[in-house]
2 protein chains.
Amino acid sequence: MIRAVASLSLNIDRSSPVPLYHQVVQGIESAIRSGELVPGTRLDNEIELAARLNLSRPTMRKAMDELVRSGLLVRKRGVGTQVVASQVRRHLELSSLFDDLQRGGSKPTTEVLTFSHTAADERIRETLQLPPDALIYHFTRLRKMNGKPLALMENWVRDDITEIDESSLGSRGLYEILRTAGVNFRLANQRIGAVRADDEQAVLLQAEPGAALVTMERTAVDDTGRQVETGRHAYRADSYSFEMTLVQR
Amino acid sequence: MIRAVASLSLNIDRSSPVPLYHQVVQGIESAIRSGELVPGTRLDNEIELAARLNLSRPTMRKAMDELVRSGLLVRKRGVGTQVVASQVRRHLELSSLFDDLQRGGSKPTTEVLTFSHTAADERIRETLQLPPDALIYHFTRLRKMNGKPLALMENWVRDDITEIDESSLGSRGLYEILRTAGVNFRLANQRIGAVRADDEQAVLLQAEPGAALVTMERTAVDDTGRQVETGRHAYRADSYSFEMTLVQR
DNA sequence: GTCAATCGTATGTTAGGACATATGTACATC
DNA sequence: GATGTACATATGTCCTAACATACGATTGAC
């Protein structure tokens, strides 16, 4: 059986500050997304590819490792490496709703409903691992997209990172503010579920009482191990859902 | 400032078929989960650790790479590597509800509501990328846990993998059946949202009409690039939610 | 006393080589 | 003609060896 073998050619710029393996990742990824590499095609073997690009095998391999991890390629020992899917959505990212919407080309607006800088209650102190006398920012926001209410968000943020005020929350996303303040998010635990809207939620989201809402609770940790933020969000189910790609390793 | 540096010691078995780097991963991971390595502690540097375990630096590094990727460790150039969090839940896995429940120690039961082996309609053919004359298995199941209805599941599975019948679906999970038939799942695209239960769903799930349900749509791809299965599930929101850990890379 | 240059340290990147092992195919055998 | 074995092939693992680069702390100059 003769199988199609792709002979993709990439340009590697050795004077670029971008690591070689990453240039390869980007090159292959864009070749897949552009349709140049159709799902199912087999790639040349690692050694061949490395030789063609004047790279060492470990470097080539590291690039392919990343692509395998992200689900674009599949390796089979003794057989070869082939393209799996072109439609891999980006892994559910550590981003905020604001980022997502803005990237989607929409114009999100934010209304700050409540805002306080007070002592944290015990549940929050525990979640964010704060000492008994710690202060936190606590606020609720209503996010609209194109004038239509989309999400109701309640967040608690530790106050030893940066100063947060009502007006900045109105114009920028929370994660954007925190990132600007030097926070590097590393991981987040989140839980997605559903509830029926109570009267207050229904009014704010301009939905019927009892309408289905998607709920999301999240606690985010930065690269120093601090629990930076925790929040409880509710989205109109008719306007929002969580999409993700799971990759088996 | 003097920081605690952990001097963990592991046993590496060079005669084991388990790769060395993976033995290190397992060792450090269990040390973290057991509390031996407290979040915040700094590890010795890569070269030091490698030397102590009689491993090369690349091998040690590969092990630490995995741990960083899974969110247990954090590296900072010029500084060192430290333990982030002990409470990382396992990444949302490519598993079925059946697997999850069984692992949780519960006894799931499955009731097959409908079952057919027929021609695929266009939508399904497109989703699973099948030719016009393809046949598929189509079935709906009701899953209970401890006698209580939990999920209503509708699935479409291509029929060129293994024979599926009603009775095996009643006793085993779908993913278990497919894995036994040699399917190696690689990735899945899924979407999580919410709806209100319609009358039929309410009756089957023993919930009130209009109750909130968590919905999940998923299409799974195996390591040969085939779209193996697609499905639409609805869970009682009061009994089920999706938990996951996101890792920023 | 403050600030900037310097230096040690740890991770980041790349190279090149060697051997192990799973897979599929082609060939030889029965 | 069916079956099993041997071989080529491609990935999997592991090693040694450098050099690059970012960060923190110390040192030195002003």
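Below, the structure is looked at part by part. (Residues numbered from 1 in each chain as written. Chains lettered and ligands numbered in written order. Predicted model: local features only at pLDDT ≥ 70, side-chain atom pairs only at ≥ 80, totals over all residues. Heavy atoms only, no water.)

Re the packing of aromatic side chains
Residues and elements named next belong to chain B.
- Here the structure, examined in full by the defined rule, presents 12 aromatic pairs over all chains.
- Taking the centre distance of 6.0 Å and the plane angle of 15° together, the rings of F115 and F139 count as stacked. A residue pair is termed long-range when its members are at least 10 positions apart, and F115 in strand β5 (residues 108–119) and F139 in strand β6 (residues 135–145) qualify at 24 residues.
- According to the relative accessible area criterion, F139 is buried, its value standing at 0%. (Phe/Tyr/Trp six-rings, centres within 6.5 Å; stacked < 30°, edge-to-face > 60°. Helix = DSSP H or I, 4+ residues; strand = E, 2+ residues; numbered from the N terminus. Buried < 20%, exposed > 50% of the residue type's maximum accessible area, 1.4 Å probe, protein only.)

So, unusual backbone geometry
- The phi dihedral of Q206(A) is positive, around 50°, even though this residue is not glycine.
- Classification of Q206(A) by relative accessible area gives exposed; the value is 53%.
- Non-glycine residue Q129(B) carries a positive phi angle of around 55°.
- Mapped onto the secondary structure, Q129(B) falls in the loop between α5 (122–128) and β6.

Notes on helix α1 (residues 20–33) of chain B
Residue and element names in this part refer to chain B.
- Under the 1.5 Å per step criterion, the end-to-end length of α1 is 20 Å for 14 residues, consistent within 8% with the ideal 20 Å.
- Taken residue by residue, α1 has Q23, V24, V25, G27, I28, E29, A31 and I32 as its buried positions.
- As for α1, its buried residues are in contact with α3 (57–69), β3 (73–76) and β4 (80–83).
- A positive phi of about 95° marks G35, the residue just after α1. (Expected span 1.5 Å × (residues − 1). Contact = heavy atoms within 4.5 Å.)

Comments concerning the protein's contact with DNA strand C
- Neighbouring residues of DNA strand C: 26 residues in total, closest R14(A), L20(A), T59(A), R61(B) and T81(B).
- Sugar and phosphate atoms form 71% of the subset of DNA strand C atoms that lie within 4 Å of the protein.
- In the environment of DNA strand C, a phosphate oxygen lies 2.7 Å from a nitrogen or oxygen atom belonging to the side chain of R14(A).
- In this structure, N45(B) approaches DNA strand C through a side-chain N or O atom, which is 3.1 Å from a phosphate oxygen.
- Sorting the residues of the surface near DNA strand C by element identifies α1 (20–33) and α3 (57–69) of chain A together with α2 (46–52), α3, β3 and β4 of chain B as the ones contributing at least two each.
- Per element, the largest residue contribution to the surface near DNA strand C is 4 residues, and it comes from α3(A).
- Split by residue class, the surface near DNA strand C holds 8 nonpolar, 8 polar and 10 charged. (Near = heavy atom within 4 Å. Polar contact = N/O pair within 3.5 Å; in protein donor to acceptor, adjacent residues only side chain to side chain. Nonpolar A, V, L, I, M, F, W, Y, C, P; charged D, E, K, R; others polar.)

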